[in-house]
Amino acid sequence: MSGSHTDVIEHAYHEYADMLYRIAFTYMHNREDAEDAVHDAFVTYIEKAPVFSDDAHERAWMVRVTVNKCLDAKRRHKIRQYTPLEDAGVQSEAAADELPTELSDALDRLPDKLRIVTILHYFEGFSVKEVAAMTSATASAVKMRLARAREMLKEALGGESI
């Protein structure tokens with residue numbers, strides 16, 4: 001995309017922010033941490049000012065950076081333990097919207113490698129080839145991860161088809 005640096009950043013934000021937030025939320029499990037991860041990904045985008053060959057490459061880069069920011073944050077905060085507001089008896093409107101469903105609980109229990117390919121393929125609509133590029137895996141590895149994730153989710157959901 002040609003134009004000023006600000007135009008490029010605005011375009012990227014409008015194009016990817018919602019998708020990146022959904023991905024980050026599946027890792028972070030709360031709005032604030034997911035927003036922080038997406039923010040950090042865009043800070044990296046601004047600082048590095050990468051040049052991409054096409055939109056698919058840019059999208060893959062943004063997804064990979066966001067996932068890495070989530071994993072970094074989880075490692076940094078692993079020691080920090082906290083009680084979610086709903087567990088402490090405090091219920092906010094935002095917290096009520098973010099309560100996990102049976103499926104999101106099952107997704108949460110998947111190993112990271114299986115969770116990210118599942119989210120990107122089934123929830124964000126990326127092809128196996130695109131997921132492979134985003135995760136630095138082969139297409140056959142992505143297919144195997146999707147198959148394992150489906151089996152684990154089916155078992156976690158009591159044998160229901162997903």
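Provided above is the structure to which this section pertains.
Notes on the structure follow. All values derive from a computational prediction rather than experimental measurement.

**Considerations on the pattern of salt bridges**
Thought 1: Scanning the model with the defined rule gives six salt bridges in all.
Thought 2: Close ionic contact of E35 with R31 constitutes a salt bridge, the shortest N to O distance being 3.8 Å. Linking E35 with R31, this pair stays in helix 2 (residues 31-48), spanning four residues, or about one helical turn.
Thought 3: For the salt bridge of R59 with E130, the shortest nitrogen-to-oxygen distance reads 2.8 Å.

**Brief notes about the side chain of T44**
Thought 1: Relative to the helices and strands, T44 is located in helix 2.
Thought 2: Not counting residues up to four positions away in its chain, the partners in contact with T44 are A49, W61, V65 and K69.

**Some details on the packing of aromatic side chains**
Thought 1: Under the criterion given, the structure shown has six aromatic pairs.
Thought 2: For the pair F42 and Y45, a centre-to-centre distance of 6.3 Å together with 70° between the ring planes defines the contact as edge-to-face. Highlighted residues: F42 and Y45, both in helix 2, separated by three residues, approximately one helical turn.
Thought 3: Connected via pairs of aromatic rings, a cluster forms that spans Y13, F42, Y45, F52 and W61.
Thought 4: R115 extends its terminal NZ or CZ atom over the ring of Y27, reaching a point 4.9 Å from the ring centre.

Procedures and definitions
- Residues numbered from 1 in each chain as written.
- Predicted model: local features only at pLDDT ≥ 70, side-chain atom pairs only at ≥ 80, totals over all residues.
- Heavy atoms only, no water.
- Salt bridge = Lys/Arg side-chain N within 4 Å of Asp/Glu carboxyl O.
- Helix = DSSP H or I, 4+ residues; strand = E, 2+ residues; numbered from the N terminus.
- Contact = heavy atoms within 4.5 Å.
- Phe/Tyr/Trp six-rings, centres within 6.5 Å; stacked < 30°, edge-to-face > 60°.
- Lys NZ or Arg CZ within 6 Å of the ring centre and 35° of its normal.

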